[in-house]
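A look at the structure
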Amino acid sequence: MKKNRKHNLCFHCGDENGKNTLTFQEKSFCCNGCKTVFEIFSENDLTCYYDFENSPGAIPKEIEGKFDYLQKQKIIDKLVEFDDGTIQIVTLYVPHIHCSSCIWVLENLNKLNVNISSSQVNFGKKTVRITYNAKEYSLKEVVLLISSIGYEPYISLDDFKTGKQHVNRSLIYKLGIAGFAFGNIMFLSFPEYFQVDGFWIEKYKPFFRWLMFFFSLPVVFYAANDYFITAYKGLRSKILNIDVPIALGIAVLFLRSTIEIMFDLGSGFFDSLSGLVFFLLIGKFFQQKTYSFLSFERDYKSYFPIAVTKIFSDGKETPIQVYDIVKGDRLLIKNEELIPVDGILINGNASIDYSFVTGESEKVSKNSGDKLFAGGKQTSGVIEMEVLKSVEQSYLTQLWSNDIFNKNKEEAFTTLTNKISKHFTIYVLSIAIIATVFWLFYDISKAMNVFTAVLIIACPCAIALAAPFTFGNLLRIFGKLKFYVKNANAIEQLASINTVIFDKTGTITSNEESTATYEGESLSTIEEMLLKNTLRGSNHPLSRTLYDVLDDNNIITLDNFEEHLGQGIEASHNEESIKIGSASFVGQLQDTSVLNTTVHISTNNNYKGKYTFYNSYRKGVSKLFNTLKNNYDIVILSGDNEGEKENLKKLLPSKTKLIFNQKPDDKLDYIKYHQTEGAKVLMIGDGLNDAGALAQSDVGVAISENVNVFSPACDAILDATKFNQLGNYINTSKSAVKIINWSFVLSFAYNIIGLYFAVTGQLSPIVAAILMPLSSISIVVFTTLATNFLGRKLE
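All of the points below concern the structure found in this document.

Here is what the cut-offs are and how they apply
Residues numbered from 1 in each chain as written. Predicted model: local features only at pLDDT ≥ 70, side-chain atom pairs only at ≥ 80, totals over all residues. Heavy atoms only, no water. Helix = DSSP H or I, 4+ residues; strand = E, 2+ residues; numbered from the N terminus. Buried < 20%, exposed > 50% of the residue type's maximum accessible area, 1.4 Å probe, protein only. Contact = heavy atoms within 4.5 Å. Areas by Shrake-Rupley, 256 points an atom, 1.4 Å probe, with all protein chains shown as cover. Axes fitted to C-alpha atoms, helices over the stretch in contact; angles between N-to-C directions. Parallel < 35°, antiparallel > 145°, perpendicular 65-115°, else oblique. Left-handed = near helix turned anticlockwise from the far one by under 90°. Nonpolar A, V, L, I, M, F, W, Y, C, P; charged D, E, K, R; others polar. Pairing = 2+ DSSP bridges. Expected span 1.5 Å × (residues − 1). Salt bridge = Lys/Arg side-chain N within 4 Å of Asp/Glu carboxyl O.

Right, let's talk about the overall build of the chain for a bit. For the chain, the helix and strand inventory stands at 25 helices and 28 strands. Buried residues in the chain amount to 52% of all 795 residues. Taking as baseline every contact in the chain between residues at least 6 positions apart, the subset at least 24 positions apart corresponds to 66%. Total accessible area on the chain is roughly 37600 Å²; 54% of this is exposed by carbon and sulfur atoms.

Laid out in structure tokens, this is it:
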């Protein structure tokens, strides 16, 4: 590859070529991404074959042995985040990610090698997460592949341990150069300011003016280059972004000033130009510092409210929060529960579904001593595992936020912000041109300042920042109050709901205080032990209640375990088998005269009896429903019979709809039908047993009561102790929307007032450059303080 400095623009993306300009077939490219797109994937042919031996992208000799250390298993274990023997997942930091072409190439690595199943780029962090077949392709080969196409990763085990961030100091350098030039140009302009006359001043005036011109060159072509690049990219994509008027203002000031000194018409506006860029960069610097100080991205993830069962040395099983897990702990993972941390399988029949991590739905069988990875879901009864390392909250959250599980819901504020930003620049340019034309006839000396001040003062940035900072800060506040919401879009949806649907068992009832009585044939010691151990593997609210009611028994490993959603559980051990669930599931006719919730039992296909449950409702249920009744349609959707109907009528508002005998599919269909009628549905239920209904609803909330309910189907997880605060969380979400609306009002007011002073010639470009970033910072501070105030009202 030879360097070429003759071409200024990239053939593929149109970006300005830097010092590392590359050429291919007499065309120049700004980076390897653009070159590879043209070279390998020309005409968007994604089915082409990449021949390393014959293509220009073959592995360079200088890196052939550079990554030999990646063949050592200890190093591989430290770098990969998932490894089941067949599939490995690794996240690599790639500092050379430059533009959309780079993203496109790196996210199509599976077209370069069939052993790579997927790759996902995080452009902001400059990382790529790669999933590959470890049996056919090694980590070293993955790294050599992306290095060969110009994306050599930066690998440092110290960075993996400490989480060290790579700092980009280019803004500091640009700020320093702009400040140095601004100070010197101001100093050289003093004789012009004070109209000092004298022989030496007059004699060297042209020299001083040209000196100001040369000081302005690094300001325009280096310090301000980001504005020109962004504006060009926008125009090339037929988008008028906010940097277009700023770049235009800088260009006009520079050209006008250059013309004045060339033809000796005056000293130009180099002082205003350098001051403008300097204060714009100062504003950008303080914006970054403000956003960093008010950052909410990582804080709220520390409050991930899911629990897991820990087995203590005396055999006692107690639920603990995932962030209390430490290396060496022994955990009990029940059927359909997520494995929250890497560990070693101790006993049990492990059949792990890693689709949550890899996207592959095939279940993997594991034996005692095998390694289990966080993110897998146990699907065949209960297992015990020993923890290898403490839980990583960010990893679980990354899984939850996976695009596979994101719902396709419209983000109203994002849409509104995009519409405003799209038309904003057109309006600003129109106002600037009209005002300049007016002043050219009225007072030509003010025309240039008016044009530049209008372009600089008007800014939709504050509008664009209002929603993400309001919702983002609220995510953190909700997390501290044990209401964990997946993303900002879920809060926006929560503010718009008009229908609230509750599951009954385990949602408005408390498992900890419910009781059950047995009616039927006495169970033998073996049957009681089999019953207890079968219930031990299930997370259904009735299973948990019955498990707590029964006497302790010896722990055994079941030969078979299968849970049928909405029906019951069946299991076997040695020659004994058991079924637990509805009457029809165990082969018994339903007794319609019994209205209470019941669970029936049969062993070896012989009916034994039933447990009748007496529900205990959560504290504050009646108050919560009375709070919601005036503003929302309230519905109870329950899989139980009508035994509790009379008690619920006494407890709940009269307008509450009570619907019983609903299977999981019935709940989903009910929600879907009402959504077609215009309902915005909030569903509160069990994260595992109501997964379909939670996924279908506009907002799905899973109740967490000392149980692992982590599920991709839900939008939020609510700690059971905060159940009576649900109405307050909804109202706070609505208040957040009002804060955003007020932020829009304040931003529009700022722009209108600023434009008034700019159009009337009362505002200089330098003052406009100072005010512009202040508007964004003020909106960020306003939304943060307002949401913090809402948070204090919730506490």
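In contact at an axis separation of 9 Å, helix 18 (residues 525-536) and helix 19 (residues 541-549) are set at 135° when each is read in the N-to-C sense. The angle between helix 18 and helix 19 places the two elements in the oblique class. By crossing handedness, the relation of helix 18 to helix 19 is classed as left-handed. Packed against helix 18, whose contacting residues are Lys532, Leu535 and Arg536, the element helix 19 presents Ser543, Leu546 and Tyr547 at the interface. Tallied by class, the residues present in the contact of helix 18 with helix 19 amount to 3 nonpolar, 1 polar and 2 charged.

What follows covers unusual backbone geometry. Although it is not a glycine, Asn604 sits at a positive phi angle of roughly 50°. By secondary structure assignment, the location of Asn604 is in the loop between strand 22 (598-603) and strand 23 (606-614). Residue classification places Asn604 among the partly exposed residues on the basis of a relative accessible area of 31%. The backbone of Asn661 sits at a positive phi, close to 55°, despite the residue not being glycine. Along the chain, Asn661 turns up in the loop between strand 25 (657-659) and helix 22 (664-676). Residue Asn661 is classed as partly exposed on the basis of its relative accessible area, which comes to 49%.

Let's shift gears to the pairing of strand 8 (residues 317-321). Across 5 bridges, strand 7 (residues 307-311) lies against strand 8 in antiparallel orientation. Directly across from Thr309, in strand 8, lies its bridge partner Pro319. Where strand 7 hands over to strand 8, the hairpin turn is made up of 5 residues, of which Gly315 adopts a positive phi near 90°.

A separate point is helix 14 (residues 444-457). The terminal C-alpha atoms of helix 14, which comprises 14 residues, lie 20 Å apart, in line with the 20 Å expected from a rise of 1.5 Å per residue. With 10 of its 14 residues buried, helix 14 lies for the most part within the structure. Looking only at helix 14, the buried set comprises Ala447, Met448, Val450, Phe451, Thr452, Ala453, Val454, Leu455, Ile456 and Ile457.

The next point concerns the sheet that holds strand 12 (residues 363-366). The strands making up a sheet are joined through hydrogen bonds of the backbone, oriented either antiparallel or parallel. Taken together, the 3 strands give an open sheet; going across it, the order is 12-11-14, and neighbouring strands pair in antiparallel fashion. A single partner strand is all that each edge strand has here, and the edge strands are strand 12 and strand 14 (377-378). For strand 11 (residues 350-353) and strand 14, the ladder comprises 2 bridges, and the chain directions are antiparallel. When the sheet's bridge partners are listed, Ile352 is paired in strand 14 with Gln378.

Now for the pattern of salt bridges. Inspection of every chain in the model, using the stated rule, returns 11 salt bridges. When the shortest N-O distance is used, the salt bridge between Lys310 and Asp329 registers 3.3 Å. Taken together, the positions of Lys310 in strand 7 and Asp329 in the loop between strand 8 and strand 9 (330-333) put the pair 19 residues apart, joining distant regions of the chain. Residues Lys310 and Asp329 agree in their burial class; the two are buried. Through salt bridges with shared partners, one network takes in Glu317, Arg330, Glu384 and Arg536.

This part takes up helix 19. For helix 19, the buried fraction is high: 7 of the 9 residues fall into the buried class. Looking at helix 19, one finds that the buried residues are Pro541, Leu542, Ser543, Arg544, Thr545, Leu546 and Tyr547. Where helix 19 is buried, its residues touch strand 8, helix 17 (504-508), helix 18, strand 20 (568-573), strand 22 and strand 23.

Right, let's talk about the environment of Phe744 for a bit. Here Phe744 lies in helix 24 (residues 726-759). C-alpha separation for the pair Phe744 and Ile779, spaced 35 residues apart in sequence, amounts to 9.0 Å.

We now examine the side chain of Glu384. Structurally, Glu384 can be placed in strand 15 (residues 383-387). Setting aside anything within four residues of it in sequence, one finds Glu384 in contact with Ile311, Arg330, Leu331, Leu332, Ile344, Leu345, Ile346, Asn347, Arg536 and Ile555.

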